[in-house]
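Geometric and topological summary
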Amino acid sequence: MKKLVLVAALGLAPYFFAQEMVNKPVQAYQTEQYKSKKKAFVESLLAKMTVDEKIGQLNLPSAGDFTTGQAQSSNIGKKIEDGLVGGLFNIKGADKIRAVQKVAIEKSRLKIPLIFGMDVIHGYETTFPIPLGLAASWDMNLIQQSARVAANEASADGISWTFSPMTDISREPRWGRISEGSGEDPYLGSEIAKAMVYGYQGKDLSLSNTIMACVKHFALYGAGEAGMDYNTVDMSRVRMFNEFFPPYKAAVDAGVGSVMASFNEVDGMPATGNRWLQTEVLRNQWGFDGFVVTDYTGINEMVDHGVGDLQQVSALALKAGIDMDMVGEGFLTTLKKSLQEGKVTQAEIDLATRRVLEAKYDLGLFTDPYRYGDAKLAKKEVYSQKNRDIARNVAAQSMVLMKNENNVLPLKANGTVAVIGPLVNNKQNMTGTWSVAAQHANSVTLMKGLQDNFGKNVKFISAKGANIDYDEKLENIYAAHGKITDRDNRPKEVLLKEAVDVANKADVIILAIGESAEMSGESSSRTEITIPQSQIDLLHELKKTGKPIAMVLFTGRPLALTNVKDLPDAILNVWFAGSEAGNAIADVLYGKVNPSGKLPVTFPRSLGQVPIYYNHKNTGRPLSQEKVDKCEYERFRANYMDECNTPLYPFGYGLSYTQFAYSDMNVTNTNPKGNQTIQASINLRNTGNYDGAEVVQLYIRDIVGSNTRPVKELKGFQKVFLKKGESKRVTFTITPEDLKFYNHELKYDWEPGEFEIMIGTNSAEVQKTKINWSK
Ligand code: BGC
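Residues numbered from 1 in each chain as written. Predicted model: local features only at pLDDT ≥ 70, side-chain atom pairs only at ≥ 80, totals over all residues. Heavy atoms only, no water.

Take the overall build of the protein next. Per the secondary structure count, the protein includes 22 helices and 27 strands. Whereas a compact globule of 775 residues would reach a radius of gyration of roughly 28 Å, the protein reaches 26 Å, a difference of no more than 12%. Dimensions of the protein, computed from C-alpha atoms along their principal axes, come out at roughly 75 × 70 × 55 Å. Of all 775 residues assigned to the protein, the portion counted as buried reaches 64%. Within the protein, contacts between residues at least 6 apart in sequence are counted, and of these 78% link residues at least 24 apart. If you sum the accessible surface of the protein, you get close to 28500 Å²; carbon and sulfur atoms cover 49% of it. Considering the protein, the positive charge centre built from 89 side chains and the negative charge centre built from 89 side chains are found 4 Å apart. (Helix = DSSP H or I, 4+ residues; strand = E, 2+ residues; numbered from the N terminus. Rg over C-alpha atoms; globule rule 2.2 N^0.38 Å. Buried < 20%, exposed > 50% of the residue type's maximum accessible area, 1.4 Å probe, protein only. Contact = heavy atoms within 4.5 Å. Areas by Shrake-Rupley, 256 points an atom, 1.4 Å probe, with all protein chains shown as cover. Lys, Arg positive; Asp, Glu negative; His and termini not counted. Charge placed at Lys NZ, Arg CZ, Asp CG, Glu CD.)

The subject of this paragraph is the domain arrangement of the protein. Split into domains, the protein comes out as domain 1 (2-376) and domain 2 (658-775). Taking only C-alpha atoms, the centre of domain 1 and the centre of domain 2 are 34 Å apart. (Domains from an automatic or database assignment.)

Another aspect to go through is the packing of helix 16 (residues 385-398) against helix 21 (residues 581-589). Geometry of a packed helix pair, given as the angle between the helix axes and the separation of the axes. Packing of helix 16 against helix 21 brings their axes to within 8 Å, and their N-to-C directions diverge by 50°. Considering the angle they form, helix 16 stands oblique to helix 21. Helix 21 is crossed by helix 16, and the crossing has right-handed handedness. Where helix 16 approaches helix 21, its residues Arg392, Ala395 and Ala396 are matched on the opposing element by Asn583, Ala584, Asp587 and Val588. Looking at the contact of helix 16 with helix 21, its residues break down into 4 nonpolar, 1 polar and 2 charged. (Axes fitted to C-alpha atoms, helices over the stretch in contact; angles between N-to-C directions. Parallel < 35°, antiparallel > 145°, perpendicular 65-115°, else oblique. Left-handed = near helix turned anticlockwise from the far one by under 90°. Nonpolar A, V, L, I, M, F, W, Y, C, P; charged D, E, K, R; others polar.)

Around the ligand, a shell composed of 14 residues is seen, among which Asp119, Arg177, His217, Asp295 and Glu522 lie nearest. One of the side-chain N or O atoms of Asp119 is found 2.5 Å from an oxygen atom in the ligand. Residue Arg177 places a side-chain N or O atom 2.6 Å away from an oxygen atom belonging to the ligand. Taken by itself the ligand offers 310 Å² of open surface, and the protein chains cover 100% of this. Class assignment of the residues belonging to the shell around the ligand gives a composition of 7 nonpolar, 2 polar and 5 charged. (Near = heavy atom within 4 Å. Polar contact = N/O pair within 3.5 Å; in protein donor to acceptor, adjacent residues only side chain to side chain.)

This is the structure in structure tokens:
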């Protein structure tokens, strides 16, 4: 990230440089000497290994403490003794992991240590907001810090490898896993990918508190047809390189140690067997030199994809550049035969083995196989008060204020408040999806957060009001992974009446509605992206009481809130905020924290608009801006008869308890040449009644290109804190690097001509200036 300059208002205060958005750790140990030592060590080990032992290193079974897929592995202990296991995942606890490592070290012939993986996705036991929520903070330091805390906890508990970050760009709210990524934007996604990798891996992978990251799912998993999980992807390469690849590449550039292949196909070949993807792009073009692991049974699934039997697809995967086989044992059971039949080569098996061993070397496991995992340290580190405090802060920073009429928020800390909704008292659903290490008994519910922090001065009364969904069968599906929703089987009228009675006793209603945690995440695609009817009915009933309603929205995806948004006075989107959710929500509702989150993904008006994203192309028949703004239909233009072109809430949107005014945009040079740099700046003033932070966003449009170009692209952002009444000049430095794109020949360069420079509070509200950049 380029250096950004903040220049204080009035021109009198001194200039100062904001720090890099992420703290890039210097990997000083990666010297030539280190690399040649590693090479020599691994070569000498390889020379001692049998073919079976080599293939064993490529085998990654699941221990089954928790299961995420369709298969579990058996006889793992015996296989470890026989040298047939390279790593293990889904096992939790320092002592447990130590005991398994002991088998590898004491009972296997070559004593090669195992690598222990886990889906540490948004925290370990101390859980942070779901990744989409983390992205909404637009705060790279905080995101990096969340990954650091996760690494500290996980490593103390024996984990040396996390299957994170997931950097799949997605414009598909039906897809449940949109919750696990950073949203729709390649630039924001890339910054976050770097922050996460730096946070996990730190400055030296071999330190006992750093863990290896794994960027996933390579590639394009977020673009499955119709938002169905695991579904087919078909996309032009221009789009791949410009819009979907950048965050994976950013993780590679940040030194990520491993990559996970995705389930979907790319160009008619499953990603797991796609050599162009896993070798040509990833290694040859981007220079990745770590190892590639499949996703859960990714090799076996190629049989159903229809590209061969298990032996064929295993060979295909190895040849494509896959090094480790997660769970399916295709490598373990067929590679030797393929070698004997000449279908794979010894060199191919050696290459994959070498990469796995090198990763273990980098993790320091050959020096001390027990370096990760220390039960005493884990007791101190895991879920410590310090980590929980960090999580509480990050959670509050991730929340997005979407509406705040008559300044209903922040609430005044007095009177009686009705806290209503199906998840108000539900611990299991606070952390959100992919929180396998979380201890739900510890999660702070909304009710507890409110009581603990403001219960002295405020009387909180509560009612459930509605179940998550009228349909019990559906609600049971939603309550996956033990995240029970405490369904109340009384008739809906009884639940509603109880809620209305409670509301009538209160001055204000806090209404917490939306999705339960597992309505998003893996295998949680939906064909409706609305709040279930049971909860909308509750909202309508409460509206009739005439009391002000502050709606707290739980969600793992962009929801279509068109039928909802006019009813409450305020809407605070809290995503799934993690183990400190209740405390953080209370902090924001009562103004201890002024919300500053911004949407990392577009919220549509209706499902029919999907895919809808801010960085779209113009088409040959764009609707005039005036008509777009007025939502007026025009025949033979790119629009709908029955819906506006604009989303309900655009990318980058989010309010604050204070107001920010933008004025006097300026660029230092409207006719730059060649490699010159220019500064674009704007005056930002806090005109409201609270101190607060604003994410100032820079967008650029390349007006004429040799390929069609998006109507705008995010190219920079700064989170600026201003005291009430204070103002600052916010300045972005722009270089030709920011103008580059992949043309139809996949050449990455910039083209001279006119550009529109835009700065604003979200992707739809910007000030603009035109410049002409010549070569
Ligand atoms: C998911 C991956 C995950 C893996 C291991 C798969 O089902 O797609 O994201 O890392 O399981 O748990």
